[in-house]
Amino acid sequence: MSDFDQHIFRLPRPLRLESGTVLPHVEVAYHTYGRLNASRDNVVWVCHALTANADVLSWWPGLFGEDTHFDPADWFIVCANILGSCYGSTGPLTPNPETEEVAYQQFPLLTIRDLVSAHEALREHLALPRIHTLIGGSLGGQQAVEWAIQRPELCENLVLLATSARHSAWGIAFNEAQRLAILADPTYTSATPNSGAAGLRAARAVALLSYRSYEAYSLAQTEPDDSVLTDFRASSYQRYQGDKLVARFNAHSYVTLSRAMDSHNVGRGRGGVKAALGRIRARTLVIGITSDVLFPPSEQQLLARHIQGATYAEMGSQYGHDGFLIETAQITHFLERFYAPTYVSQPAPQLSV
C-alpha cells in the first residue's frame, strides 16, 4: 500500500458543499509513502497549504523523507491535494465529465470544511481507522484543526503550525488585495487555462510581503550597490517569484482557495471558537513563529489555550510565515520533545478569545 506515484480517488457519491451546492463528480489526487504496520497505527496525514501539492516529500524536505523525523521507513504518510487546486483534484479547470465544460471563475465556493469532507472520504476509502499524527501549517493547519473538531476520536496527535482558529480580518484583507490584482487582469474572465496570469503574478508579489519579514528582505534583497536607481534586487525578486507561481499554478485555483481560507472559522455554528476547540481530544502541539505577520503567534497561543492539554512552542526565525516550511530543524526539535514520554506540556500564555 505504498507508491510514490500520484493516485486518483473518485468519490462514490456527489459531494454536498457547505454552501448547499453539489459537486456531482469529485476526484482527489493523493500520494502515500511507506507502509501500514500490522496494527495500522503508524498513519501520518499531511494537510497542505495554499499552492502546494500532494507530494509532501517535494515541498517539506527536512521534515518528511529518508532520515527525517517522518521517515517513510517508519510511517505510512498520506497527503491529498485539496479540492479547488490544480494538481489533480477537482478544481476550476477540471472538465465536467458529462458536458466537457470547464467552470473557470464559475466554480462554486469552497470552504475549509468542504476540503476536510474530501479528506474524510479518502480516509474511508483507504480504510484507515485512526491517524497517529495529523499535521498542517497555514491553510493546511486550518484543515487539520477543523478535521480534529469534526472527528475528535480520529487522530491521536495533532500538530498545528503557523495557523489559526479563525482567519483574521488582516489575513482576509491580504487575500482580497491579491484577488483584486487578479480581477484587474482583463484576461481573467476569458475561458482559457492561462487567463488571469498577469494578475496572478501581481498577486504573488503581494502575498510574499505577508509570507516573509522585514528582516528577511533586508538581509537577502538589500541592494549592495549604492549607485543603483532602478531595477532593484528586491524588485527583481518580486517579479521572479511571480513568474515562478504563474508557471506552476493558475489564477482560478488561487481565487478559489484564497476564498476558502477566508471562510475558516471553527466557531461557526458551534457556539464560538472556544467551544469548538474544546471538542478536540488529540494530544496537540501548536507552533508559532516570532516573525510571522500573517499568522502572528497570538493566534497560535489562542489555539493552545483552548485546546485541552495542548503544548505551545514558538520558534525564532527571520523567514516569517514561510518559516514553517524552512525551519525544519527547529520543528523536528519540538516534535521530538512532544513525542518524548517524559515531556511535560508547557501551557500557552493566557489570552482571551
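Predicted model, so just to flag it, every value in this text is computed and none were measured. (Residues numbered from 1 in each chain as written. Predicted model: local features only at pLDDT ≥ 70, side-chain atom pairs only at ≥ 80, totals over all residues. Heavy atoms only, no water.)

1. Some remarks on the pattern of salt bridges
Applicable threshold: Salt bridges, as used here, are contacts in which a Lys or Arg side-chain nitrogen is within 4 Å of a carboxyl oxygen on Asp or Glu. Strands are runs of DSSP state E lasting at least 2 residues, helices are runs of H or I lasting at least 4, and numbering of each runs from the N terminus. Only protein chains enter the accessibility calculation, which uses a 1.4 Å probe; a residue is then buried when its area is under 20% of its type maximum, exposed when over 50%, and partly exposed in between.
Scanning all chains against the criterion turns up 13 salt bridges. Between E176 and R179 there is a salt bridge, with the nearest N and O atoms lying 2.8 Å from each other. Separated by three residues within a single helix, E176 and R179 lie in helix α4 (residues 169-183), roughly one turn from each other. On the accessibility criterion, E176 (34% relative accessible area) is partly exposed. Measuring nitrogen to oxygen at the nearest pair gives 2.9 Å for the salt bridge that ties D322 to R212. One end of the pair, D322, is in the loop between β10 (311-315) and α11 (323-326); the other, R212, is in the loop between α5 (197-211) and α6 (214-221), with 110 residues separating them in the sequence. On the accessibility criterion, D322 (14% relative accessible area) is buried. Via salt bridges that share partners, E18, R113, E146, R268 and R270 belong to a single interconnected network.

2. Focus on unusual backbone geometry
In this structure, D67 is a non-glycine residue whose phi angle is positive, near 65°. Along the chain, the position of D67 falls in the loop between α1 (56-59) and β6 (76-80). One non-glycine residue, E100, adopts positive backbone phi at about 65°. With respect to the helices, strands and loops of the structure, E100 is situated in the loop between β6 and α2 (112-125). Here E100 falls in the exposed class, since its relative accessible area comes to 56%.

3. Observations regarding the packing of α4 against α5
Filter applied, for reference: Angles shown run from 0 to 180 degrees and are taken between the N-to-C directions of axes, each axis being a line fitted to C-alpha atoms and, for helices, limited to the stretch in contact. Each angle gets one of four labels, with under 35 degrees taken as roughly parallel, over 145 as roughly antiparallel, 65 to 115 as roughly perpendicular, and the rest as oblique. Handedness of each helix crossing follows the sense of rotation of the near helix against the far helix: counterclockwise by less than a right angle gives left-handed, clockwise gives right-handed. Whether two residues touch is decided by their heavy atoms; if any such pair falls within 4.5 Å, the residues are in contact. Note on residue classes: Ala, Val, Leu, Ile, Met, Phe, Trp, Tyr, Cys and Pro are nonpolar, Asp, Glu, Lys and Arg are charged, and everything else, Gly too, is polar.
Contact pair α4 / α5: the axes reach a minimum separation of 7 Å and the direction vectors enclose 160°. The orientation of α4 relative to α5 falls into the category roughly antiparallel. In this structure, α4 crosses over α5, and the sense of that crossing is right-handed. On α5, the residues touching F174, A177, Q178, A181 and I182 of α4 are G199, L200, A202, A203, V206, A207 and S210. Among the residues forming the contact of α4 with α5, the class breakdown is nine nonpolar, three polar and no charged.

4. A few points about the nonpolar core
Nonpolar side chains tend to gather and get buried jointly when the protein is soluble and globular. Put simply, the test is: Residues belong to one nonpolar core when they are buried, are Ala, Val, Leu, Ile, Met, Phe, Trp, Tyr or Cys, and are joined through side-chain atoms within 4.5 Å. An automatic or database domain assignment is the source of the domain bounds shown.
Core analysis: the largest hydrophobic core is formed by 76 residues, its most contacted members being W45, L134, Y254, L277 and I280. Mapped onto the domain boundaries, this core takes at least three residues apiece from domain 1 (7-168 + 263-339) and domain 2 (172-259). If sequence neighbours within four positions are ignored, L134 has contacts with W45, C47, A144, W147, A148, C155, N157, L158 and V159. The next biggest cluster of nonpolar side chains, apart from the first, holds 28 residues, and it includes V44, I77, V159 and L285.

5. Comments concerning the pairing of strand β7 (residues 131-137)
Rules: A strand pair is defined by DSSP finding two or more bridges across the two strands. Orient the strands so they point away from the viewer, and a crossover whose first-strand-to-second-strand path over the helix runs clockwise is right-handed.
Judged by how many residues are buried, β7 sits mostly within the fold: seven of seven residues are covered. The sheet contact formed by strand β5 (residues 43-47) and β7 spans four bridges and is parallel. Residue pairing across strands places V46 opposite I135, the latter belonging to β7. In this structure, β7 lies alongside strand β8 (residues 155-161), joined through six bridges in parallel fashion. Looking at β8, one finds that I135 is bridged to V159. As a crossover connection, the stretch from β7 through helix α3 (residues 139-150) into β8 is right-handed.

6. Quick word on α2
Where we set the bar: Under the convention used throughout, the expected extent of a helix is 1.5 Å for every residue step, that is, one less than its residue count.
Given a rise of 1.5 Å per residue, 14 residues ought to cover 20 Å, and the 20 Å separating the end C-alpha atoms of α2 matches this to within 8%. Within α2, 11 of the 14 residues are buried, which leaves it mostly tucked inside the rest of the structure. A127 occupies a position one or two residues after α2 and carries a positive phi of about 55°.

7. Brief notes about the environment of Q143
Operational definition: For this analysis, a polar contact is any N or O atom pair within 3.5 Å, provided that within protein one partner can donate a hydrogen and the other can accept it, and provided that sequence-adjacent residues contribute only side-chain to side-chain pairs.
Residue position: Q143 is located in helix α3. Given the relative accessible area of 0%, Q143 is considered buried. Along the chain, Q143 and L208 lie 65 residues apart, while their C-alpha atoms are 22 Å from each other. Look past the residues within four positions of Q143 in its chain and what remains in contact with it is C47, H48, I82, I112, L115, V116 and H119. Engagement of the side chain of Q143 in a polar contact is seen with the side chain of H119, the distance being 2.7 Å.

8. Let's talk about the packing of aromatic side chains
The way to describe two aromatic rings as a pair is by their centre distance and the angle between their planes. To be explicit about the condition: Classification of ring pairs rests on two measures: the distance between centres of Phe, Tyr or Trp rings, Trp counted by its six-membered ring, which must be within 6.5 Å, and the angle between planes, read as stacked under 30 degrees, edge-to-face over 60 and tilted in between.
In this structure the tally under the stated criterion is 11 aromatic pairs. Each ring, one from W60 and one from F64, has its centre 5.6 Å from the other, and the planes form 35°; the classification is tilted. When its relative accessible area of 0% is taken as the criterion, W60 is described as buried. We classify F64 as buried; its relative accessible area is 2%.

9. Comments concerning the UniProt feature "active site" (unreviewed entry) in the protein
What counts is decided by this rule: UniProt positions are given in the numbering used here, feature names are shortened, and annotations may be inferred rather than shown by experiment.
The UniProt record marks S138, D292 and H321 with the feature "active site" (unreviewed entry), using the residue numbering of this structure. Spatial clustering of the annotated residues is evident: they stretch over 184 residues in sequence, but the largest pairwise C-alpha distance comes to 10.8 Å. Considering the arrangement of structural elements, one finds S138 in the loop between β7 and α3. Judged by its relative accessible area of 6%, S138 falls in the buried class. Apart from the residues within four sequence positions on either side, S138 is in contact with A49, L161, A162, T163, M261, F295, H321 and F324. Within the secondary structure layout, H321 lies in the loop between β10 and α11. Residue classification places H321 among the buried residues on the basis of a relative accessible area of 1%. Apart from residues lying up to four places away in sequence, H321 is in contact with S138, A162, S210, Y211, I289, D292, L294 and F295.

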